[in-house]
Amino acid sequence: MRKAWIIDFAERAFVVALAVPFMAAFLSYSTAHPYVLLLACMELATAVMILIRRPGEAATAPWPVFLAFAGTGFPLFVRPGGTGLIDPAAALSIMGVGATVSFLAKLFLNRSFGIIAANRGTKTGGPYRFVRHPMYAGYFVTHVGFVLANASAWNVGVYLIAWTLLVLRIREEEAMLLRDPAYRRFAERVRWRVVPGLY
């Protein structure tokens, strides 16, 4: 119980510690680049939901805890700047699609949301009818839009690591969730994890 409480506290403190410099860096660009503000708002919403989420039976083993923290933290290391490979309006459109998907997924999760894999109940409505992890699908689309408008070796490297961690994180989450008969039925009905027809 004490270990779970420490991890829970660390989860919230970790998000705040990374979100503050991320928001400071992004808000200085937001007036000239609306798509930058969109990514900042999306990440801020994630941080807020982690702070208010309800507890669940979370993993406490070192590997899933590491993946959860690293997978959440890495995307917060991207920064505006670099080469714009597409028009800002196109970037805003791509990111808007991704942010909408993520936002809808979070609405359906409500407070059943957190960094570390936990069984907080199986959600099957809304975007969860199409893929098992629509929030992650939305993140991926949003990240692609952002990096196309802010192409740099740093940003590309950050997202490649973040996406690798995301896939590993999904595997760990599902290893826990598939112990639940309700989630197993959901997984049988919704075949794809993130991208229909691919993964």
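Everything numeric here is computed off the predicted structure, so don't read it as measured data.

Draft legend 1. Focus on the overall build of the protein chain. Scanning the protein chain from N- to C-terminus turns up seven helices and two strands. Start at the N end of the protein chain and walk to the C end: the helices and strands fall as α-α-β-α-α-β-α-α-α. A buried classification covers 45% of the 199 residues belonging to the protein chain. For the protein chain, restricting intrachain contacts to residue pairs at least 6 apart in sequence, the fraction spanning at least 24 positions comes to 82%. Element-wise, carbon and sulfur atoms account for 69% of the exposed surface of the protein chain, whose accessible area totals about 10000 Å².

Draft legend 2. View of the nonpolar core. In this structure, F22, F26, Y35, L39, V78, F146 and Y159 are the most contacted members of the largest nonpolar core, which totals 37 residues. Contributing elements (two or more residues each) for this core: α1 (2-27), α2 (34-52), α4 (88-109), α5 (134-149), α6 (153-177) and α7 (181-189). Look past the residues within four positions of F22 in its chain and what remains in contact with it is L39, A40, E43, P75, L76, V78 and R79.

Draft legend 3. Highlighting the side chain of N150. Residue placement: N150 occurs in the loop between α5 and α6. By relative accessible area, N150 is classed as buried at 3%. Not counting chain neighbours up to four residues away, the residues in contact with N150 comprise Y35, R79, P80, G81, T83 and N155.

Draft legend 4. Seen up close, the packing of aromatic side chains. Taken as a whole and assessed by the stated rule, the structure comprises eight aromatic pairs. Relative to Y159, the ring of F146 lies with its centre 6.4 Å away and its plane at 90°, an arrangement referred to as edge-to-face. Separated by 13 residues along the polypeptide, F146 in helix α5 and Y159 in helix α6 bring together distant segments of the chain. When sorted by exposure, F146 lands in the same class as Y159, which is buried. Site record: aromatic cluster; members linked through ring pairs are F140, F146, Y159 and W163.

Draft legend 5. Region of the structure containing the pattern of salt bridges. Throughout the structure, instances matching the rule amount to three salt bridges. A salt bridge links E174 to R132; the nearest nitrogen and oxygen atoms lie 2.8 Å apart. Taken together, the residues E174 in helix α6 and R132 in the loop between β2 (118-119) and α5 connect sequence positions 42 residues apart. Since its relative accessible area comes to 3%, E174 is described here as buried. The salt bridge involving R193 is made with E174; its shortest N-O contact spans 3.2 Å. One end of the pair, R193, is in the segment after α7; the other, E174, is in helix α6, and 19 residues separate them in sequence. Assessed through its relative accessible area of 30%, R193 is described here as partly exposed.

Draft legend 6. Summary view of the packing of α5 against α6. Interaxial distance between α5 and α6 falls to 11 Å at its minimum, and their mutual angle equals 175°. Classified by the angle their axes make, α5 and α6 are roughly antiparallel. Touching Y136, F140, H143, V144, F146 and V147 of α5 are N155, V156, Y159, W163, L166, R169, I170 and E173, all from α6. Class assignment for the residues of the contact of α5 with α6 results in ten nonpolar, two polar and two charged.

Draft legend 7. Structural detail: the environment of W163. One can find W163 in helix α6. With residues near it in sequence (within four places) discarded, W163 still touches F140, H143 and V144. For W163, the side chain forms a polar contact with the side chain of H143, separated by 3.1 Å.

Draft legend 8. Region of interest: the packing of α4 against α5. Contact geometry of α4 with α5 gives a least axis separation of 7 Å together with a crossing angle of 160°. When the axes of α4 and α5 are compared, the pair comes out roughly antiparallel. Of the two possible hands of crossing, α4 and α5 adopt the one that is left-handed. Facing α4, whose interface residues are A91, I94, M95, G98, A99, V101, S102, A105, K106 and L109, α5 presents P134, M135, G138, Y139, V141, T142, G145, F146, L148 and A149.

Conventions adopted
Residues numbered from 1 in each chain as written. Predicted model: local features only at pLDDT ≥ 70, side-chain atom pairs only at ≥ 80, totals over all residues. Heavy atoms only, no water. Helix = DSSP H or I, 4+ residues; strand = E, 2+ residues; numbered from the N terminus. Buried < 20%, exposed > 50% of the residue type's maximum accessible area, 1.4 Å probe, protein only. Contact = heavy atoms within 4.5 Å. Areas by Shrake-Rupley, 256 points an atom, 1.4 Å probe, with all protein chains shown as cover. Core = buried A, V, L, I, M, F, W, Y, C linked by side-chain atoms within 4.5 Å. Phe/Tyr/Trp six-rings, centres within 6.5 Å; stacked < 30°, edge-to-face > 60°. Salt bridge = Lys/Arg side-chain N within 4 Å of Asp/Glu carboxyl O. Axes fitted to C-alpha atoms, helices over the stretch in contact; angles between N-to-C directions. Parallel < 35°, antiparallel > 145°, perpendicular 65-115°, else oblique. Nonpolar A, V, L, I, M, F, W, Y, C, P; charged D, E, K, R; others polar. Polar contact = N/O pair within 3.5 Å; in protein donor to acceptor, adjacent residues only side chain to side chain. Left-handed = near helix turned anticlockwise from the far one by under 90°.

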